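Coordinates in review
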Amino acid sequence: MAHHGWVQVDDPDKLTPDGLKSPFGRLFPAENIAYDSLGISLFAGPDGPLETPSPTGNQRKQSNPAGFTFLGQFIDHDLTEFRVIGEGLQIIPMNPTIGIRQKLLEDLFESESELPTTTNGRSGKLDLDSVYGLLGATQPDLFSPDGLFLWTVGGGQPDLRRGPQYRNGRLIADPRNDENKLVVQIHLLFERLHNKLHQAKVGGGADPEVSGPYSPAFKATKKTVQQIYRQIVLFDYLPRIVSSDQIAQVLGKSATGQALFQKCNERNDAILKRLGLSDATIADAVAIPVEFSHAVFRLGHSQLRPGYVLNFLNNQPIGLPLFNTAAISPEKKTGPGASRLSHTDLRGKEPLSALDDSQPPNVIDLHVDWKFFFLVGNAGDQPVLDENGQPELDDQSNPKTVPFPQHGEPLDGHLPRPTFRLPPPSIGEPPQSLAERNIRRGVDFGLPSGQAAANQLAEAGYTGLTSLARDDLFPPDIFAQFADILASEPRLAWDTPLWYYMLKDAEKNVNQPQLGPVGGLIVAETIIGSYLESEVEATDPARRALDIRSKASSLVATFANGYDPQLHELEAGHPLYHDKAISENGENIFSMSQLVRFVS
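Residue indices begin from 1 for each chain and proceed along its sequence in written order. The model is predicted, so local features are restricted to residues of pLDDT at least 70 and side-chain atom pairs to those at 80 or more, both for listing and for counting; the totals for chains, interfaces and linings are taken over all residues. Calculated side-chain values reflect all of the structure's heavy atoms, with hydrogen atoms and water omitted.

Residue exposure (1.4 Å probe, protein chains only): buried if accessible area is under 20% of the type maximum, exposed if over 50%, otherwise partly exposed. Strands are runs of DSSP state E lasting at least 2 residues, helices are runs of H or I lasting at least 4, and numbering of each runs from the N terminus. Across the six residues that make up strand E9 (residues 316–321), a large majority, five, are buried. At least two bridges found by DSSP between two strands is the condition for calling them paired. Where strand E8 (residues 307–313) meets E9, six bridges bridge the pair, whose relative direction is antiparallel. The residue bridging Asn-311 from the neighbouring strand is Ile-318, located in E9. The antiparallel hairpin formed by E8 and E9 contains two residues in its connecting segment, where Asn-314 sits at a positive phi of about 55°.

The method works on a 1 Å grid over the protein atoms by themselves. A cavity is a set of points holding a 1.4 Å probe that cannot get out, a pocket is an open set with protein on both sides within 12 Å along at least five of seven lines, and residues with an atom within 4 Å of a point line them. Grid points are joined across faces, edges and corners, and a volume is the space filled by probe spheres set on the points. Computed from the structure, the second largest pocket encloses a volume of approximately 680 Å³. What lines the second largest pocket is a set of 29 residues, and nearest its centre among them are Lys-125, Asp-127, Gly-136, Lys-222 and Gln-226. Looking at the lining of the second largest pocket, the elements that each hand over two or more residues are helix H3 (129–132), helix H6 (216–241), helix H9 (279–283) and helix H19 (517–535). Per-element accounting of the lining of the second largest pocket gives the leading share, six residues, to H6. In the scheme used here, Gly and all other residues not listed as nonpolar or charged are polar, with Ala, Val, Leu, Ile, Met, Phe, Trp, Tyr, Cys and Pro taken as nonpolar and Asp, Glu, Lys and Arg as charged. For the lining of the second largest pocket, the class distribution of residues is nine nonpolar, seven polar and 13 charged.

Position of His-578 relative to the elements: it lies in the loop between helix H21 (565–568) and helix H22 (592–599). The exposure class of His-578 is buried, given its relative accessible area of 5%. Under this definition, polar contacts are N or O atom pairs within 3.5 Å; protein pairs additionally need one hydrogen-donor-capable and one acceptor-capable atom, and for neighbouring residues in sequence, both atoms have to be side-chain atoms. Within polar-contact distance, the side chain of His-578 engages the backbone oxygen of Gly-377 at 3.3 Å. Note on contacts: a residue pair is in contact if any heavy atoms of the two residues lie within 4.5 Å. If we ignore the near neighbours within four places in the chain, the residues touching His-578 are Leu-375, Gly-377, Asn-378, Glu-569, Leu-570, Ser-593, Gln-594 and Arg-597.

Next up on the list: empty space enclosed by the protein. Summary: where empty space remains is shown by rolling a probe the size of a single water molecule over the atoms. All told, the structure shown has three cavities of 30 Å³ or more when counted by the stated rule. Considering only enclosed or pocket space, the largest cavity measures out at about 130 Å³ in volume. Considering the residues around the largest cavity, the lining is formed by 16 residues, among which Gly-442, Val-443, Leu-447, Pro-497 and Leu-498 are closest to the centre. Those elements that place two or more of their residues in the lining of the largest cavity are helix H13 (434–444) and helix H18 (498–507). With four residues, H13 is the largest single contributor of residues to the lining of the largest cavity. The residue makeup of the lining of the largest cavity, split by class, is 10 nonpolar, five polar and one charged.

One broad trend across soluble globular proteins is that nonpolar side chains are buried collectively. Only buried residues count toward a nonpolar core, which is a set of Ala, Val, Leu, Ile, Met, Phe, Trp, Tyr and Cys residues joined through side-chain atoms within 4.5 Å. By size, the foremost hydrophobic cluster in this structure holds 139 residues, and its most contacted members are Phe-190 and Val-523. Ranked by residue count, the leading element in this core is H6, at 11 residues. Those residues in contact with Val-523 that sit more than four places away from it in its chain are Leu-238, Ile-241, Val-242, Phe-292, Val-296, Phe-297, Leu-299 and Leu-515. Membership of the second largest hydrophobic core comes to seven residues, among which are Leu-20, Ile-271, Leu-272 and Ile-282.

Here we take up the packing of aromatic side chains. Whether two aromatic rings pair depends on their centres lying within 6.5 Å, for rings of Phe, Tyr and Trp, where Trp uses its six-membered ring; planes under 30 degrees apart make the pair stacked, over 60 edge-to-face, and the rest tilted. Under the definition given, this model contains 26 aromatic pairs. Taken together, a centroid distance of 5.7 Å and an interplanar angle of 10° make the contact between Phe-312 and Phe-372 stacked. Here the residue Phe-312 occupies a position in strand E8, and Phe-372 occupies one in the loop between strand E11 (363–365) and strand E12 (380–383), the gap between them amounting to 60 residues. The same class applies to Phe-312 and to Phe-372, which are both buried. The interplanar angle of 85° and the centroid separation of 6.2 Å between the aromatic rings of Phe-372 and Phe-404 together place this pair among those described as edge-to-face. Separated by 32 residues along the polypeptide, Phe-372 in the loop between E11 and E12 and Phe-404 in strand E13 (residues 401–404) bring together distant segments of the chain.

What follows concerns the pattern of salt bridges. One speaks of a salt bridge when a side-chain nitrogen belonging to Lys or Arg is within 4 Å of a carboxyl oxygen belonging to Asp or Glu. Evaluated as defined, the whole model comprises 31 salt bridges. Its salt-bridge partner being Asp-47, residue Arg-421 comes within 3.1 Å of it at the nearest N-O pair. Residue Arg-421 is located in the loop between E13 and H13, and its partner Asp-47 is located in the loop between helix H1 (37–44) and helix H2 (67–79); the two are separated by 374 residues in the primary sequence. Asp-47 gets classed as exposed once you look at its relative accessible area, which sits at 57%. Three or more residues are tied together by salt bridges with common partners; here these are Glu-81, Arg-83, Arg-122, Asp-129, Asp-174 and Arg-176.

Moving on, we come to helix H14 (residues 450–459). Buried within H14 we find Gly-450, Gln-451, Ala-452, Ala-453, Ala-454 and Leu-457. On its buried side, H14 packs onto helix H8 (260–274), helix H15 (470–473), H18 and H19. At the exit of H14 stands Gly-461, carrying a positive phi of roughly 100°.

Before going further, it helps to examine the confidence of the model for the chain. In the predicted model, the chain carries a mean pLDDT of 89, and 90% of its residues have values of at least 70. Known as pLDDT, the predictor's confidence for each residue is given on a scale from 0 to 100. Confidence over residues 1–17 falls short of pLDDT 50; this stretch has 45 contacts with residues more than four positions distant or in other chains. Throughout residues 329–334 the model reports pLDDT below 50, and contacts reaching past four residues in sequence, or to other chains, amount to nine contacts.

Checked against the element boundaries, Gln-451 lands in helix H14. Separated by 3.3 Å, the side chain of Gln-451 and the backbone oxygen of Ala-493 make a polar contact. If sequence neighbours within four positions are ignored, Gln-451 has contacts with Leu-473, Ala-493, Trp-494, Asp-495, Thr-496 and Tyr-501.

What follows covers the environment of Leu-182. Along the chain, Leu-182 falls in the loop between strand E6 (157–159) and helix H4 (183–202). Judged by its relative accessible area of 3%, Leu-182 is buried. Contacts of Leu-182, omitting those with residues within four sequence positions, involve Phe-70, Tyr-308, Leu-310, Leu-346, Val-368 and Phe-373.

With that settled, consider the environment of Leu-346. Turning to its location among the elements, Leu-346 is positioned in the loop between helix H12 (329–334) and strand E10 (353–355). For the pair formed by Leu-346 and Phe-323, sequence separation is 23 residues and the distance between their alpha carbons is 6.4 Å. Sequence-distant contacts of Leu-346, defined by excluding residues within four places in its chain, comprise Glu-179, Asn-180, Lys-181, Leu-182, Tyr-308, Leu-310, Leu-320, Pro-321 and Leu-322.

Buried residues dominate H13, accounting for 10 of its 11 residues. Leu-434, Ala-435, Glu-436, Arg-437, Asn-438, Ile-439, Arg-440, Arg-441, Gly-442 and Asp-444 are the residues of H13 that are buried. Each element contacted by the buried residues of H13 is listed here: H1, helix H11 (300–303) and H18. Where H13 begins, one side-chain oxygen reaches toward the backbone nitrogen of Ala-435, 3.4 Å away; that side chain belongs to Ser-433.

A separate point is the environment of Asn-588. Relative to the helices and strands, Asn-588 resides in the loop between H21 and H22. Judged by relative accessible area, which is 22%, Asn-588 ranks as partly exposed. Among the polar contacts made by the side chain of Asn-588, one reaches the main-chain carbonyl oxygen of Ala-581 at a distance of 3.1 Å.

Here you go:
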């Protein structure tokens, strides 16, 4: 069974001898931090301090529309996928085992004779290889002879083709994009974008040589879709989780070749060159920092809600919990739509429809109405009406409504209850807590503490960094009832796990939805670095470096003056304006709101 974080590989030897071309790298020197195991379980396990609810009222941090949580998961799957390296450079399809120290390519002293223990199964670029095919190679069985993604269509809406005839039971490049019923629909948005653009370009029933997966027309469509995707990531997603000042700082360093991501890739490229890889092969992929992949970009775990409204049927919300298990039944029973969908939840590997418990054998459509996840049209509240068309009332006798778009939870040091009790197939081995798994992974990959990362960023010349006090990290009003945690593992106070530190750093600024400086700079370094590498086509290292610097320089001014997507998407005339006219080729799509409107 394929668990979270990896996909099946039919013949691992096919990825050698250049299977190392997409390594993980480091922004900061590795550290060997060892925590008391019980202390970590008490700190990050079920019923611990991280399971306490987020603050309310004026102490509650702002949050983003819920769709960006799952766009972030989609981006993560596009950039990273863990693989274990076995003897003879075999790339084994499995997650590294928790509790075993991992070695990266740049950790090795004798890189010509030693092997790292793990590598990346993605190119590290923003190139949609999780949609089109792994490591940049188009996967032809995903497409019809005329170059269109193959689907099954129910109720006028696309879904993946499913069945035992497909690897992992469904026709998709990366099965992780079917982990839940929301990320798979983000995935399908980009497949729909491809099909709309490609069909307009070549028409139906065209000669496969003219429009098929190996044709110039197909490659041109793919390039356009990749460009639109990168525009959405840079101009709509990134500034919602990283402040414009931090983005501008990273672009400024990238324009002079001083970004930490650039230095990380220079080190790894030099190793790959010594191993005999060509400049063209090295340019195909980039090293993604483990500080990003194994800590900071797990930020979305704190943004998860216990459940989501997907759409409305007959004036009633259709919603699902994250997980429908006995351990989390309190959320399930109170979630919208629970009375009609008691046997299903948001986990994937299922069709986007489910049996209606109240009216079997009828089925309920689980395709999302995107207005509940992004700003599509105007924001507002959808009333909940009974079968007579009268408003339903809540416990305080107020009319029930569902806001659109729904917002995710804030970026802070609190996670929803279901994430502390992960059911299969989300995991294949203990621990069951997502927070605990994040911290233990960080230890395995030699990540620095949050304090050390803050110091390293300051030494690199970044500004705006402040130290978090003990009470910022471990608020007395919460941790007073968990005094045994710091007594069991006092090191948590001065070598705080990077993943937790960046969430508490984000929590300090309640007036903005973005990360704090530590997490924000690491995310910006990685996503901007990947964006720039994806935009440049030269393979000669010197030419490539110059082109990257030039591209970065051209973008600095965009983010230097308070760029704010929440405001810009409401400003007629701004590229992000949610209701602007979209060109036939879609090239002026810069936001998820615009993408949804274009493909719908």
